[in-house]
Every structure is written in C-alpha cells, then in structure tokens.
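If you want the building blocks of each chain, they are given just below.
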Amino acid sequence: MKINQLSVFLENKPGQLSGPCAALAEAGVNILTMSLADTQQFGILRLIVRDPDQAKGVLESAGWVVNLAEVVAIEVPDRPGGLAEVLKVIEGSAVNIEYIYAFTFRRADKAVIVFRFDDPDAAVALLTSHGVNVVDPVELYGRDAD
Amino acid sequence: MAKATPSKQSSTEFHPVSAPDYLPAPQLRDLQLHRLKQMVRRAYQHVDLFRRRMDERKLTPDHVRSLEDIRKLPFTVKTDLRDTYPFGLFASEIRDVVRVHASSGTTGKPIVVAYTADDVKVWTEVMVRTFAACTLHAGDIIQNSYGYGLFTGGLGAHYGAEALGATVIPTSGGNTDRQIMVMKDFCVTAICCTPSYFLHLIDRAAEQGIALKSLPIRAGIFGAEPWTEPMRQRIEAESGIKAFDIYGLTELIGPGVGSECAHQAGLHIFEDHFYPEVVDPDSGEPVPDGQEGELILTTLSKQAMPMIRYRTRDVTTVIPEPCACGRTIRRIQRIGRRSDDMFIIRGVNVFPSQVEAALLAVEGTLPHYRIVLTRQKDLDQMEVQVEVTAEVFSDRVRALEDLRAKLAKALDNALGIRVTVSLVEPHTIPRSEGKARRVQDDRSM
C-alpha cells in the first residue's frame, strides 16, 4: 500500500537539478512523478520511480545523499471539491500531512495524489475505512502513459 | 566474519625494541642528561645559530650540568628553520647526510631537515616502538598511505613497519579507489594515514558497498594533524578498528616523537630521544605537570640536525600519573589544538577543534566541515559548512532546518558567537591526504 519515495539533497545553486536527473536517465530510470521543495539554501528533490532501491544505488554511487520515505498514493475525484473531501477525512483525525503533490496521469476520472503522512499506517487505515481508495504501487507502475 | 583471526591478533606483548620505553626513571634521567650534554656540545660546535645564541647569553656547553639547566638554553622557532634554508642548521657535513626531507611550506620556503645513517637508525627504532605501542607486530599487513617523498610520513612509517617485520604495502597517498581495493584484496590489518583521509576512505568504501567492519583491518595509525576524541569514536564506530594517535613533527624527526599505547590514553613521548617540556607560551616559564602549556621538544640523539628547545606551538599537558601499560616514558595529552590554528573573530579566539567538538556532540555526527570567514560591511562573519550525510538527511525540509538550528545553537553555546551553518552536498569540502585545512579566511586585511 505504501510507496518508497526517493529524496535527494541539493544545494540551492544553479545547475544542481540536472545532475541527478541525468544520472537517472543514463541508468534508464523513468521518473513517474516528482516534486521539488526549496528553501533559501537547499532543495529536496522528491521522486517516485518504479525501482527506488535501484535508483538509490545509482544516485549514491554518483555521490548524492539519498533517503527513502514511505508515502501513500490516493485517488481523488478529478472535479472541484475532490481534494477537499479527502482532506476533511484527515483533518478530523490525529494524522498530520507533511506535504503532497500530484501524479502526472489520471485513472479515468480520478486524479492520483501523493501524500506524505507523519504516520502512514494510521492514515491508510483511516482513509480506507472512509471509502477513499489508496492506490497500490503495482497498479501505478502498470501505466506509463495515459 | 570475526574481525580477529589467530594470525591477525593484536599484540600487547613486550617487543624487545620497546625496552627503553620501560627504563626505570633514574636510569632514564641519567641517559637523558648524558645525551643532552653531548648534543649541546655538538650543536654549539657545528651550528652557527645555536653558538651565536648561546654566546649572546654567555653560555657554554659546560653550563648544562643537570636536566633543569636545559631551561637556560634559548628556544628555537619555525622561522629559524626558514631563515637558514636550506642547510644552515646542519651539524654534519653534507657527505654524512644520507637523507634530506622537507615539509611543504604553506607560506614561502619549505622546512628542510637532515639525517645521518645513525639518525635513520634512531628514526626506524622510534617508529618500531610506535607500532609496537599501537599493538602491531610482525604478523601484520600494513598499508602505508602516508605520502612518500619529501614528506617525512611515508618513508618514516615505511622503515619502521619493515623493521617491525610486518608486510608493508607502500600505497602512499591518493587514488582512493585503489587504496580500498588494496585494503580489501591484500587483507590489510592496519593502515597508516591521516585521520581525515581515513574518514574519506570509509565514505568512499561505503559508496562501493564495502563496510570496513567486514574486512580484516583492525588498527589505524593516525597522525600528521590534530583530531578530537569524538572523531576517534566516530572512526572506531564506523569502521570497527582501533584508532591510535601518533605524534611527530618534521622539525624533530617526522613521525616517531610519541605514540599512544593500547590504552589510548595520552601520547607516550620517546623521551630518551626527544626531551619534552611544557611552558607558558607567553613567559616561556615551565608549568607544573598537569597544567596546560606549549610543548617544547629537544632532540637528544639526532646528529645531522639537532634541535634545541623547539617551540612546537602545540598545546598540551604532561600527564603525571603512570600509565597502566607500565611504560615510564611520560605521556602528554593528545594534541587537540595548535596555538596557531586559532583565529580571532569579533574579538573571540576560536580553535577549529572547538567547532569540531560542537558539531560531533549534536546527534547524527557530521565530520566533514569547513569554516569560512568573510567580512561583510566591516563585520566579520563566520560560516560553518557541514556536509549532509545519509544518516541525517530527511525528505522533510523541517527536519533539515531543525538540524541546522541545532548545530548553530551548539556552536553559539560553545564559542559565544553567532555563526551561520550551511548544509552542503557531500564531497564539496576538499579532502586532503596531509593536514586537513579547516579554515578558509577570506577577510582581506
């Protein structure tokens, strides 16, 4: 149910972003979706790839500091209010959202959003009990283009 | 895989060459005085600088009648060696000099030192005593990653390791990937290099998926730069080896002036060859044992280039209690700092070792750091750049910001001034095989 998201530490200097992307390209790794968090000094590049362990190895051998964290992919109705409904379920609970970003593709009329929770197991239990669909990684990796 | 196999056991057994380490104190003092008198006579006869200085003080070699009389003799400082470049301090004819070494001068001319055949024998002897004190023996396979060449580290360690009877692999410095290959494939049991280079080796090996803990290496003989106790613990925890501190300086002989023993509790000075004093750096007066001061060293047996009361600029204390190892040669505290590593910022004296200790005390130790000093609008700024490691890196911005704040606070508490902490990518801080240069001072005077 949970996905291993890769994150890479980047100093906030021109050109830093291309390094990891080029290294992954050379290793034939396709990035399914990504997000870049930036502060004044550094950035954290977050990536969802099919084989996070392989990608971690590629980036670490090339000298980057990499971390794996568990995130959850949630189906959200692709219409106004779709996300708000899912957020309402979470807001009433003890689970906290650290950050979110979206996948680049959809499933039929549903968008797929990546959530980083402080307690992913509790979040998954809470959401499924409210009928929210947590997408299994296997289903995600099945689609390369939609 | 167990670290120690029968043929790779460390040895704390007595090695015959180490006999002088255990001389009863009265005999040691007699030997020292005998050698001191001989050395002063020789230096007075053959070295212009020493004769001139003694004449200025109306001193002759006959004035040295007891060990305390050493205090009558003038100090020697680093600039004396620069001023007499290249051979002005030699007490031997050049035809009797079989070896010349030099230290890389960071400013101007290098320091040049010389050895007769007997001097090389003494050097070899103190290096054997160093290795034996660090539990090495003839069954060890020693990788010597100190630089071979003009630098005293490479050849000094080499001659000693060979005389010890060990198997010596002269990798010298550089080519880290090959160093790791050798360490692994040649079943190295001990390595000689700077502590900062060893940290670099650990990291590079980890990138290749090699954990040093799984290799037969069990000891590191680390010197040529100051390093802290927390750094030693970091190295030992990461690699599973015992990390020994050794002490030396080019001006005296190179490595081989002093060494830790199996107890790793202070540096035993081979004082039958190098007489130690600790003085107040301002007054030059001796301080009582146990009090901090500047280490002064005098060679007792070097022929080609004797050194009288050399001001090392290293800050230490003599440890008055006898060591559990039974050696009578006295110990000094590990050199945590040199009095000339110090820099001043906004009126505060700062030693890089203070910064190092503060960084290592914060959870998730981060040993690769650099201090950058700049001046912005007439105000000095101190930035401490710290490389991010896998252990502390998080996908959450807040975790990294918290770490930065923690480090800045630890530094503020330790130094009394506000510093900025920058997290930088791994491998952005230059590594060195020689002494690590921790401070980059960009303030223009």
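Residues numbered from 1 in each chain as written. Chains lettered and ligands numbered in written order. Predicted model: local features only at pLDDT ≥ 70, side-chain atom pairs only at ≥ 80, totals over all residues.

Asker: What is the right way to read the overall build of chain A from this model?
Answerer: Helix and strand counts for chain A come out as five helices and seven strands. Mapped in sequence order, the helices and strands of chain A form the string β-α-β-β-α-β-α-β-β-α-β-α. Its C-alpha atoms give chain A a radius of gyration of 16 Å, within 12% of the compact-globule value 15 Å for 146 residues. On the principal axes, the C-alpha backbone points of chain A span a range of 45 × 35 × 25 Å. Here chain A holds 146 residues, and 28% of them are scored as buried. For chain A, long-range pairs separated by at least 24 residues make up 68% of all intrachain contacts whose partners lie at least 6 apart in sequence. (Helix = DSSP H or I, 4+ residues; strand = E, 2+ residues; numbered from the N terminus. Rg over C-alpha atoms; globule rule 2.2 N^0.38 Å. Buried ≥ 20, exposed ≤ 12 C-beta atoms within 10 Å, placed from the backbone. Contact = placed C-beta atoms within 7 Å.)

Asker: Just checking my understanding: could you explain the overall build of chain B for this structure?
Answerer: Within chain B, the secondary structure is distributed over ten helices and 21 strands. Taking 2.2 N^0.38 as the reference for a compact globule, 445 residues should give roughly 22 Å; the C-alpha atoms of chain B span a radius of gyration of 22 Å, in line with that estimate. In terms of overall dimensions, chain B has C-alpha extents of about 75 × 60 × 40 Å along its principal axes. Within chain B, the fraction of its 445 residues that count as buried is 44%.

Asker: Help me understand the packing of helix α1 (residues 18-26) of chain A against helix α2 (residues 52-61) of chain A, please; the structure alone is not making it clear to me.
Answerer: Residues and elements named next belong to chain A. Their axes nearest at 10 Å, the elements α1 and α2 cross at an angle of 125°. What the angle tells us is that α1 and α2 run oblique. Crossing of α1 over α2 shows right-handed handedness. Here α1 contributes Pro-20, Ala-23 and Leu-24 to the contact with α2, which in turn contributes Ala-55, Val-58 and Leu-59. Here the contact of α1 with α2 is built from residues that sort into six nonpolar, no polar and no charged. (Axes fitted to C-alpha atoms, helices over the stretch in contact; angles between N-to-C directions. Parallel < 35°, antiparallel > 145°, perpendicular 65-115°, else oblique. Left-handed = near helix turned anticlockwise from the far one by under 90°. Nonpolar A, V, L, I, M, F, W, Y, C, P; charged D, E, K, R; others polar.)

Asker: Would you explain the nonpolar core in this entry?
Answerer: The tendency in soluble globular proteins is for nonpolar side chains to be buried as a group. The biggest cluster of nonpolar side chains holds 140 residues, and the ones touching the most others in it are Phe-9 and Val-72 of chain A together with Phe-131, Leu-136, Phe-198, Ile-221 and Val-257 of chain B. What Val-257 of chain B contacts, discounting residues up to four positions off in sequence, is Tyr-247, Gly-248, Leu-249, Leu-252, Ile-269, Phe-270, Phe-274 and Leu-297 of chain B. (Core = buried A, V, L, I, M, F, W, Y, C linked by C-beta atoms within 7 Å.)

Asker: Quick question: what am I supposed to make of the pairing of strand β19 (residues 379-387) of chain B here?
Answerer: Consecutive side chains along a regular strand alternate between the two faces of the sheet. All names here are of chain B. Across eight bridges, strand β18 (residues 369-376) lies against β19 in antiparallel orientation. Across the sheet, residue Ile-371 finds its bridge partner in β19, namely Val-384. If you look at the hairpin formed by β18 and β19, you'll find two residues sitting between the two strands, and Lys-377 has a positive phi there, around 55°. As paired strands, β19 and strand β20 (residues 420-424) are joined by five bridges and run parallel to one another. (Pairing = 2+ DSSP bridges.)

Asker: What is the right way to look at unusual backbone geometry in this model?
Answerer: Glycine aside, a negative phi is what most residues show, and trans is what most peptide bonds show. Residue and element names in this part refer to chain B. Cis geometry marks the peptide bond from Tyr-85 to Pro-86, where omega comes out at -5°. Counting through the fold element by element, Pro-86 comes out in the loop between α3 (78-83) and β1 (99-103). Phi angles above zero are rare outside glycine, and Ala-224 is one such case at about 75°. Mapped onto the secondary structure, Ala-224 falls in the loop between β6 (219-222) and α8 (229-239). By the C-beta count within 10 Å, which is 28 here, Ala-224 ends up buried. Of note in the backbone geometry, Arg-309 takes a positive phi value of approximately 45° without being a glycine. Considering the arrangement of structural elements, one finds Arg-309 in the loop between β11 (293-299) and β12 (310-316). Here Arg-309 falls in the partly exposed class, since 19 other C-beta atoms lie within 10 Å of it.

Asker: In this structure, what is going on with the domain arrangement of chain A? I would like to understand it.
Answerer: As a measure of interface size, the accessible area lost when the parts come together is often cited. Residue and element names in this part refer to chain A. Split by domain assignment, chain A resolves into domain 1 (2-69) and domain 2 (71-141). Centre-to-centre separation of domain 1 and domain 2, based on C-alpha positions: 23 Å. Contact residues are listed per partner, giving ten residues for domain 1 and 13 residues for domain 2. Listing elements by their share of the side of domain 1 that touches domain 2, those giving two or more residues are β1 (2-11) and β2 (31-38). No other element matches the four residues that β2 contributes to the side of domain 1 that touches domain 2. Class assignment of the residues belonging to the side of domain 1 that touches domain 2 gives a composition of five nonpolar, three polar and two charged. (Domains from an automatic or database assignment.)

Asker: How do you make sense of the packing of helix α4 (residues 117-133) of chain B against helix α5 (residues 152-164) of chain B when you look at a structure like this?
Answerer: Helix packing geometry: the angle between the two helix axes and the distance between the axes. Residue and element names in this part refer to chain B. Close contact between α4 and α5 brings their axes to 8 Å; oriented N to C, the two are set at 70°. By the angle class used here, α4 and α5 are roughly perpendicular. The segment α4 lies against α5, with Trp-123, Thr-124, Met-127, Val-128, Thr-130 and Phe-131 engaging Gly-156, Ala-157, Tyr-159, Gly-160, Ala-161, Ala-163 and Leu-164. Tallied by class, residues from the contact of α4 with α5 come to nine nonpolar, four polar and no charged.

Asker: Explanation requested: the sheet that holds β12 of chain B in the structure shown.
Answerer: Note on sheets: strands pair through backbone hydrogen bonds, and any given pair is parallel or antiparallel. Residues and elements named next belong to chain B. Spatial strand order, β10-β11-β12-β15: four strands in an open sheet with antiparallel pairing. The open sheet has two edge strands with one neighbour each: β10 (274-279) and β15 (337-338). Bridge count for β12 against β15 is two bridges, and the pairing is antiparallel. Note that in β15 the partner of Asp-314 across the bridge is Arg-338.

Asker: Sorry if this is basic, but what is going on with the interface of chain A and chain B here?
Answerer: Listed as interface residues are 17 residues of chain A and, on the opposing side, 17 residues of chain B. Of all the secondary structure elements, the ones that give two or more residues to the side of chain A that touches chain B are β1, β3 (42-49), α2 and β4 (66-77) of chain A. With four residues, β1 of chain A is the single largest residue contributor to the side of chain A that touches chain B.

Asker: What's the story with helix α7 (residues 195-207) of chain B in this structure? I'm lost.
Answerer: One turn of an α-helix holds 3.6 residues; hence residues three or four places apart share an orientation. Residues and elements named next belong to chain B. Between its terminal C-alpha atoms α7 stretches 19 Å, which fits the 18 Å expected from 13 residues at 1.5 Å a residue. Residues of α7 that are buried in the fold lie against α6 (176-185), β5 (190-193), β6 and α8. Gly-209 occupies a position one or two residues after α7 and carries a positive phi of about 80°. (Expected span 1.5 Å × (residues − 1).)

Asker: Sorry, what's going on with the domain arrangement of chain B here?
Answerer: All names here are of chain B. Domain parsing of chain B yields domain 1 (6-24 + 114-338) and domain 2 (343-441). Summarising the inter-unit geometry, the C-alpha centres of domain 1 and domain 2 are found 28 Å apart. On the domain 2 side, the residues contacting the 17 residues of domain 1 number 14 residues. Elements represented by at least two residues in the side of domain 1 that touches domain 2 include exactly α7 and α8. Of the residues belonging to the side of domain 1 that touches domain 2, the class tally is six nonpolar, eight polar and three charged.

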